[in-house]
Amino acid sequence: QLSLFRLTLKRFFSTSHPSVDLKEMKKFQRLAHKWWDEEGEYSALHSMNDIRVPFIRDTLLNMSSNYHLGNPLSGVRILDVGCGGGLLSEPLGRLGASVTGIDPLEDNIRTADQHKSFDPVLAERIQYKSSSLEEIVEESMETFDVIVASEVVEHVADLEMFIKCCSRVLKPEGSLFITTINKTQLSYVLGIVVAEKIMGIVPEGTHEWEKFVPPEELERLLESNGLSVKTVNGMLYNPLSGSWSWMESTSVNYAMHAVKSGLQGQSSPTDVPSEMESEQPSATAGTTM
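Each value, and the rule that gives it
- Sequence order as written defines residue numbering, which begins from 1 separately in each chain.
- In view of the model being predicted, local features appear only for residues whose pLDDT reaches at least 70, and side-chain atom pairs are presented and counted only at 80 or more, with totals across whole chains, interfaces and linings using the full set of residues.
- Note that the side-chain values use all heavy atoms of the structure and ignore hydrogens as well as water.
- Pairing of aromatic side chains here covers Phe, Tyr and the six-membered ring of Trp, requires ring centres within 6.5 Å, and sorts the geometry by plane angle: under 30 degrees stacked, over 60 edge-to-face, intermediate tilted.
- Throughout, exposure labels follow a simple rule: accessible area from a 1.4 Å probe, protein chains only, divided by the maximum for the residue type, with under 20% read as buried, over 50% as exposed, and the rest as partly exposed.
- Under the scheme used here, helices are H or I runs from DSSP no shorter than 4 residues and strands are E runs no shorter than 2 residues, and both carry numbers assigned from the N terminus.
- A ring has a charge above it when a Lys NZ or an Arg CZ is no more than 6 Å from the ring centre and no more than 35 degrees off the ring normal.
- Grouping into patches uses exposed residues only, defined as over 30% relative accessible area, and leaves out salt-bridged ones; the cut-off is 9 Å for like charges and 5 Å for nonpolar side chains (Val, Leu, Ile, Met, Phe, Trp, Tyr).
- Per-residue and other accessible areas follow the Shrake-Rupley method at a 1.4 Å probe size, with only the shown protein chains counted as cover for residues.
- The working definition used for a salt bridge is a side-chain nitrogen of Lys or Arg within 4 Å of a carboxyl oxygen of Asp or Glu.

Under an unreviewed UniProt entry, the protein has the name COQ3 protein and belongs to Spizaetus tyrannus.

Enquirer: Can you help me understand the packing of aromatic side chains in this one?
Expert: Aromatic ring pairs: the centre-centre distance and the angle between the two ring planes describe each pair. One pass over the structure, following the stated rule, counts 5 aromatic pairs. On the basis of an interplanar angle of 0° and a centroid distance of 3.8 Å, the ring pair of W35 and Y42 is categorised as stacked. Each member of the pair, W35 as well as Y42, carries the same accessibility label: buried. A centroid spacing of 5.7 Å and a plane angle of 85° characterise the contact between F55 and F177, whose relative ring orientation is edge-to-face. Within this pair, whereas F55 is found in helix 3 (residues 43–62), its partner F177 is found in strand 5 (residues 170–181), the two being separated by 122 residues in sequence. We note that F55, like F177, is buried. Taken together, the aromatic side chains of F55, F177 and W246 make up a single cluster linked through ring pairs. The cationic tip of K183 hangs over the ring face of W209; the distance from NZ or CZ to the ring centre is 5.3 Å.

Enquirer: I tried to follow a nonpolar patch on the surface on my own but got confused; where do I start?
Expert: A cluster of nonpolar side chains, namely L186, Y188, V189 and L190, defines an oily patch on the protein surface of about 320 Å² accessible area. Locating L190 in the fold gives a position in helix 9 (residues 185–198). For L190, a relative accessible area of 36% translates into the label partly exposed.

Given below as structure tokens:
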């Protein structure tokens, strides 16, 4: 019966339209060698690490009483979906996590592999794979403690399929972290007109406003796939200082943390307030749901 279920699942994912958008891939293809240029096209993603890495780290520490000083994420298996050149995979690896970074673009994976090879510790902790999320679903059912999809969902072809796959490969009570852009008039003005056309913070054509995702829509998709949204924080980019900060409004950028439901009858560890929460304002600033 189990093998029949797996066969059906395999057919479902192989015959469904993949979430990878070929047009989006072409955009990133020509910038694949630029990932680690901190002053270049990806400078805003480099500086985003200053808030997204502590957000992921502190949220996970708040959920666990078992952590190691120096390697706080030791023993945590993380899947970084759409990892690009490894900008987020590397700092998560440095925190002790075992990271699998996947990206459909081989040139991105080549860049990521080359960069991690300079650090023997990261070479051990991070594994990169040129793959879409759908392609690893069957081999990775309920494998990962954490999935990170940062600045990815606004580029996928089929968001519902993408979230479904995330839920499949996440362990019960596992965490999903998403950062993305809301679909508002303000996000059009700041995210496309100002950021792309006027200031050139990101290359023109990087984003399509139609593909931006309102937090309400994302939450609906997550809830319908067995994930419960715990936190939604607004994010603000200051183009003059090149830095990010948390804010209450989610009208432009936002970060979301959701937890997959556990076994029936068991409560999620995040249902219990942690003593650490009051000590980590940087990670939980903004609106908590």
